[in-house]
Amino acid sequence: MNNKYILAILISGMVITVIGALFKITHNECFGISGNSILIIGMLAEALAGVLFISKLLSNNKSK
């Protein structure tokens, strides 16, 4: 996977997390989705990007 895709996943996860925090602070819901759910989705996206980045670093290190 290319680094730009990993970066795109990370940035989108950060944006989703900020939106979830805003929903949680203001106690709003959108189509029945609460701020907690949005925060979970955003943080899972960030964790996925971190795992992909670490696996890419480890696989590049083995090829040398």
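Residues numbered from 1 in each chain as written. Predicted model: local features only at pLDDT ≥ 70, side-chain atom pairs only at ≥ 80, totals over all residues. Heavy atoms only, no water.

1. Looking at the overall build of the protein chain
Next, step 1: Per the secondary structure count, the protein chain includes 2 helices and 0 strands.
Next, step 2: Relative to the 2.2 N^0.38 estimate, which gives 11 Å for 64 residues, the radius of gyration of the protein chain is 15 Å and therefore markedly larger than a compact globule would have.
Next, step 3: Taken along its principal axes, the extent of the C-alpha atoms in the protein chain is 50 × 15 × 15 Å.
Next, step 4: Taking all 64 residues of the protein chain together, the buried fraction comes to 17%.
Next, step 5: In the form shown here, the protein chain has an accessible surface area of approximately 4,900 Å², with 72% of it arising from carbon and sulfur atoms. (Helix = DSSP H or I, 4+ residues; strand = E, 2+ residues; numbered from the N terminus. Rg over C-alpha atoms; globule rule 2.2 N^0.38 Å. Buried < 20%, exposed > 50% of the residue type's maximum accessible area, 1.4 Å probe, protein only. Areas by Shrake-Rupley, 256 points an atom, 1.4 Å probe, with all protein chains shown as cover.)

2. Examining helix 1 (residues 3–26)
Next, step 1: With 24 residues, helix 1 extends 35 Å from end C-alpha to end C-alpha; this agrees with the ideal 34 Å at 1.5 Å per step.
Next, step 2: Looking only at helix 1, the buried set comprises Ile 6, Gly 13, Thr 17, Gly 20 and Phe 23.
Next, step 3: Of the residues one or two after helix 1, His 27 is the one with positive phi, at around 60°. (Expected span 1.5 Å × (residues − 1).)

3. Let's talk about the packing of aromatic side chains
Next, step 1: By the definition in use, this model includes 0 aromatic pairs.
Next, step 2: Its end group placed over the ring of Tyr 5, Lys 4 keeps NZ or CZ at 5.8 Å from the ring centre. (Phe/Tyr/Trp six-rings, centres within 6.5 Å; stacked < 30°, edge-to-face > 60°. Lys NZ or Arg CZ within 6 Å of the ring centre and 35° of its normal.)

4. Description of a nonpolar patch on the surface
Next, step 1: Together, Leu 7, Ile 11, Val 15 and Ile 19 make up a nonpolar patch on the protein surface, roughly 340 Å² of accessible area in all.
Next, step 2: You can see Val 15 is positioned in helix 1.
Next, step 3: A relative accessible area of 45% means that Val 15 is categorised as partly exposed. (Patch = residues over 30% accessible without salt bridge, like charges linked within 9 Å, V, L, I, M, F, W, Y side chains within 5 Å. Salt bridge = Lys/Arg side-chain N within 4 Å of Asp/Glu carboxyl O.)

5. Points about the side chain of Thr 17
Next, step 1: Counting through the fold element by element, Thr 17 comes out in helix 1.
Next, step 2: Take Thr 17: its relative accessible area is 14%, and that puts it in the buried class.
Next, step 3: Apart from the residues within four sequence positions on either side, Thr 17 is in contact with Leu 39, Gly 42, Met 43 and Glu 46. (Contact = heavy atoms within 4.5 Å.)

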